[in-house]
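# Descriptive structure summary
Residue strings, one per chain:
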Number of protein chains: 2
Amino acid sequence: MATIYDVSVLAGVSLATVSRVMNNSGNVSDKTRKKVEAAMDELGYRPNTVAQSLASNRSNSIGILVSELYGPYFGQMMSGIEAEVRAAGKHVIITTGHSEAQKEQAGIEFLLSRKCDALILHVEAVSDDYLITLCKQSVPVYLVGRFVPELAERCISLDNRLGGYLATKTLLEHGHRDIAYISGPLFKPDARHRLEGHKQALAQYNIIFENTLFFEGDFNETGGEQGMAAFANTGRPFSALCCANDETAAGAMEYGRKLNLDLPNQLSVIGFDNIIVANYLYPRLTTIENPIMAMSQMAAKLMLKQVYQQKNGSIQHVFEPKVIMRDSLIRHTQ
Amino acid sequence: MATIYDVSVLAGVSLATVSRVMNNSGNVSDKTRKKVEAAMDELGYRPNTVAQSLASNRSNSIGILVSELYGPYFGQMMSGIEAEVRAAGKHVIITTGHSEAQKEQAGIEFLLSRKCDALILHVEAVSDDYLITLCKQSVPVYLVGRFVPELAERCISLDNRLGGYLATKTLLEHGHRDIAYISGPLFKPDARHRLEGHKQALAQYNIIFENTLFFEGDFNETGGEQGMAAFANTGRPFSALCCANDETAAGAMEYGRKLNLDLPNQLSVIGFDNIIVANYLYPRLTTIENPIMAMSQMAAKLMLKQVYQQKNGSIQHVFEPKVIMRDSLIRHTQ
DNA sequence: TTGTAAGCGTTATCAA
DNA sequence: TTGATAACGCTTACAA
């Protein structure tokens, strides 16, 4: 592999000049530039980014941490960020945290050790305090899908409480009064906030929250299935089911069909996130929009603005969810 | 950030000794090791991986190229590889090619410039020749989901021809004779091979391939919708639809429902890939299993074996697809 | 406009 | 078992 030294020899100039040509920095005469570029071409020269990072303490790459590499939520997040970052001529380095504090920290360490210019994180397990300490270090950190009051300026988040509230309120407005709820794992802030919104809507209609109508799932299909099984077991009747995300709803609906429930006539269902699949479930899933793609792109824009001084429009920090009406939710009839 | 130098001063030893402790290389007395470790702890020392890579010409990271960061296919691929690689104490660096030759090459350049120890690629647009040249360079390269005869030892692939054949044969065995086909983009080898298998099955039953029953889609829902719209336009009747992947099938089924088709009674559908969603479509999608997760893990194992001398079991290079029967395909009745 | 030379934080080869 | 010291390939003052 050719190095900058080989290029300088072939072009008959110094290392510094080659470097200047590469980086468009300093003043280089047209003639020398041409010579250097010719030499680069001839040698098929590619800069060694590792050496560049070490010398310049910049890497032109952005570290991203997601909980998982699969699934529509993180898929949209990763590709939303990557599109923005790539358009700016930078690269992403992606790693995972698996929603475990220790792995999240290890992932962040990895990104830091690679000298990323900035981090964009979706963390669910590490504490606010950890994040606050992290943000005091020299690398700029941005959080998507999480709100830490002390770091509000670095957060791009969804109002999950409002989302949870809207979901349940929509069911209530359609005449439902017996509403079951399958949440996500409650150690995750998103799951907690959505549940709070649910309770708030119930309270507004003077309905008491019942433990027999609550199940803590896992944000996956499995949770939906297990939740439905649990409810079927207690025998407490309900006309509507509120799921903390769409995957849970998919699992619940599938299980409901196994129980020979006629959907949506015998059971209305509402999800959360509006992942692509929601539109292909049967009946098509009514849900709450979670603009994760837009949020991720906003985080990337914020980063580009602050780290690389790009001029980007105004920044929206908190996104508001809204109801997407489809076919899985109908008016309750006696 | 503390450096190896700070550690050496605090521990009262040389740089070299600190390096030896970090890498468990050479012989270090227990006493010095303890001293060094204590110093590291005290300073919160983290090695600078960029400097390590530059000096050692190794990076302990594996470059991965996928076409997209979203979607079940690539999601499974990424997380399958990552799990194996992480278990071996190495890291992945992921980038995208967007199924365009130029972007695929740029992605590969990026991974090479970061001095990855090996590359695992899912490339669709670059030529075989390019790959053959690439494999002659010093970095080991592995290909998943693509078969290049000259590089057979580095390929982990699916027999797509067989898959395409099985799909159509299954329809034929269920009495269908008028079979429409929505393919993926034909510049992709997968799409071409699946189509070849389809034609082979037709030929075996002495059925002539008709252009009016063929549509070139995009491997996405959109392709399925457009294909169904095109078929509806020509008016050529058909009792079964063979889709080159599940996403296409999802789009086609949704569009079929818009046309008031009663599925599966008026139209049988078969997909390809068996993505998670296939199980949640209505009717549940009959499809061809594409064990992308297993294939990716196999690629990772092969890499670990060859690059890091890990002892892993035997390697399977070509995977065979099989039919997953569900509800979207029924026997054709007159 | 161009060149010289001192880092950047490690690894690895010699000696000791 | 340890320590000097020369790479690794590039950036970036500072000089010329």
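Use the structure listed above.
Note that the coordinates shown come from a computational prediction; the quantities given were computed from them, not determined experimentally.

## Let's talk about helix α10 (residues 221–234) of chain A
All names here are of chain A. With 14 residues, α10 ought to run about 20 Å at 1.5 Å a step, and its terminal C-alpha atoms sit 21 Å apart, in line with that. Three or more residues of α10 are buried, namely Glu221, Gly223, Gly224, Gly227, Met228 and Phe231. The buried residues of α10 occupy an angular sector of 160 degrees when projected down its axis, which confines them to one face. Tucked into the core, α10 has its buried residues touching β6 (179–183), β7 (214–216), β8 (240–243) and α11 (246–258).

## Things to note about the relation of the copies chain B and chain A
When chain B is brought onto chain A, the operation consists of a screw motion whose angular component is 180 degrees and whose axial shift is 0.1 Å, with 0.1 Å RMSD remaining. Considering both components of the superposition, the chain copies are consistent with a two-fold axis. Looking at the interface residues of chain B, 100% of them are also at the interface in chain A, so both copies use one shared face.

## So, the protein's contact with DNA strand C
The immediate surroundings of DNA strand C are formed by 27 residues, with Arg20(A), Asn27(A), Thr32(A), Ile4(B) and Ser19(B) found nearest. Of all DNA strand C atoms lying within 4 Å of any protein atom, the proportion belonging to sugar or phosphate reaches 66%. Within the backbone of Ile4(B), one N or O atom sits 2.6 Å away from a phosphate oxygen of DNA strand C. In the environment of DNA strand C, a phosphate oxygen lies 2.5 Å from a nitrogen or oxygen atom belonging to the side chain of Ser19(B). Secondary-structure elements contributing two or more residues to the surface near DNA strand C are α2 (15–23) and α4 (49–56) of chain A together with α2 (15–23) and α4 (49–56) of chain B. With five residues, the single largest contributor to the surface near DNA strand C is α2(B). When grouped by side-chain class, the residues that make up the surface near DNA strand C number 12 nonpolar, 11 polar and four charged.

## Structural notes on the sheet that holds strand β6 (residues 179–183) of chain B
Residues and elements named next belong to chain B. The strand order across the open sheet built from four strands is β7-β6-β8-β9, with neighbouring strands paired in parallel fashion. The sheet terminates laterally at β7 (214–216) and β9 (268–270), the two strands that pair on one side only. When the angles between neighbouring strand axes are averaged without regard to direction, this sheet yields 15 degrees. Relative to β9, strand β8 (residues 240–243) is paired through three bridges, and the arrangement is parallel. For Ala240, the partnering residue across the bridge sits in β9 and is Ser268. Where helix α10 (residues 221–234) meets the sheet, it contacts β6, β7 and β8, and its direction lies at approximately 140 degrees from that of β6.

## Some words on the packing of aromatic side chains
Residue and element names in this part refer to chain A. The tally for this structure, following the rule as stated, stands at nine aromatic pairs over all chains. Following the ring pairs from residue to residue traces out a cluster consisting of Tyr181, Phe209 and Phe214. A cation over an aromatic ring shows up here: Arg194 above the ring of Phe272, its NZ or CZ 3.7 Å from the ring centre. Of note, Lys199 hangs over the ring of Phe209, and the distance from its end group to the ring centre comes to 4.6 Å.

## What about the interface of chain B and chain A?
In this complex, chain B contributes 44 residues to the contact, which on the side of chain A involves 44 residues. When chain B packs against chain A, the two sides together hide about 3900 Å² of surface, and 59% of this comes from carbon and sulfur. It is Leu69(B), Arg114(B) and Tyr280(B) that lose the most area in chain B upon contact with chain A, and together they represent 18% of the buried surface on that side. Summed over the shared surface of chain B and chain A, the number is four salt bridges. The salt bridge partner of Glu254(A) is Arg284(B), with a shortest N-O separation of 3.7 Å. Seen at the junction of chain B and chain A, the total is 11 residue pairs in polar contact (both at pLDDT 80 or more). Of all the secondary-structure elements, those providing two or more residues to the side of chain B that touches chain A are α4, α5 (72–87), β2 (91–96), α6 (101–113), α10 and α11 (246–258) of chain B. Class assignment of the residues belonging to the side of chain B that touches chain A gives a composition of 17 nonpolar, 15 polar and 12 charged.

## Considerations on a negative patch on the surface
Taken together, the side chains of Asp30(A), Glu37(A), Asp41(A) and Glu42(A) present a region of like negative charge at the surface. Mapped onto the elements, Asp30(A) comes out in helix α3 (residues 30–43).

## Some details on the pattern of salt bridges
Residues and elements named next belong to chain A. Scanning the entire structure with this criterion turns up 27 salt bridges over all chains. A salt bridge links Asp273 to Arg194, with the nearest nitrogen and oxygen atoms 3.3 Å apart. Of the two residues, Asp273 is situated in the loop between β9 (268–270) and β10 (287–288) and Arg194 in helix α9 (residues 189–204); the sequence distance between them amounts to 79 residues. Judged by its relative accessible area of 3%, Arg194 falls in the buried class. A salt bridge links Asp327 to Arg284; the nearest nitrogen and oxygen atoms lie 3.3 Å apart. With Asp327 in the segment after β12 (323–324) and Arg284 in the loop between β9 and β10, the pair connects residues that are 43 residues apart, well separated along the chain. A relative accessible area of 37% places Asp327 in the partly exposed class. What makes Arg284 partly exposed here is its relative accessible area of 26%.

Cut-off values and rules
Residues numbered from 1 in each chain as written. Chains lettered and ligands numbered in written order. Predicted model: local features only at pLDDT ≥ 70, side-chain atom pairs only at ≥ 80, totals over all residues. Heavy atoms only, no water. Helix = DSSP H or I, 4+ residues; strand = E, 2+ residues; numbered from the N terminus. Expected span 1.5 Å × (residues − 1). Buried < 20%, exposed > 50% of the residue type's maximum accessible area, 1.4 Å probe, protein only. Arc of directions from axis to C-beta. Contact = heavy atoms within 4.5 Å. Least-squares fit on C-alpha atoms with pLDDT ≥ 70 in both. Near = heavy atom within 4 Å. Polar contact = N/O pair within 3.5 Å; in protein donor to acceptor, adjacent residues only side chain to side chain. Nonpolar A, V, L, I, M, F, W, Y, C, P; charged D, E, K, R; others polar. Pairing = 2+ DSSP bridges. Axes fitted to C-alpha atoms, helices over the stretch in contact; angles between N-to-C directions. Phe/Tyr/Trp six-rings, centres within 6.5 Å; stacked < 30°, edge-to-face > 60°. Lys NZ or Arg CZ within 6 Å of the ring centre and 35° of its normal. Buried area = accessible area lost by both parts, 1.4 Å probe. Salt bridge = Lys/Arg side-chain N within 4 Å of Asp/Glu carboxyl O. Patch = residues over 30% accessible without salt bridge, like charges linked within 9 Å, V, L, I, M, F, W, Y side chains within 5 Å. Areas by Shrake-Rupley, 256 points an atom, 1.4 Å probe, with all protein chains shown as cover. Lys, Arg positive; Asp, Glu negative; His and termini not counted. Charge placed at Lys NZ, Arg CZ, Asp CG, Glu CD.

Any link to function would need more than the numbers given here.
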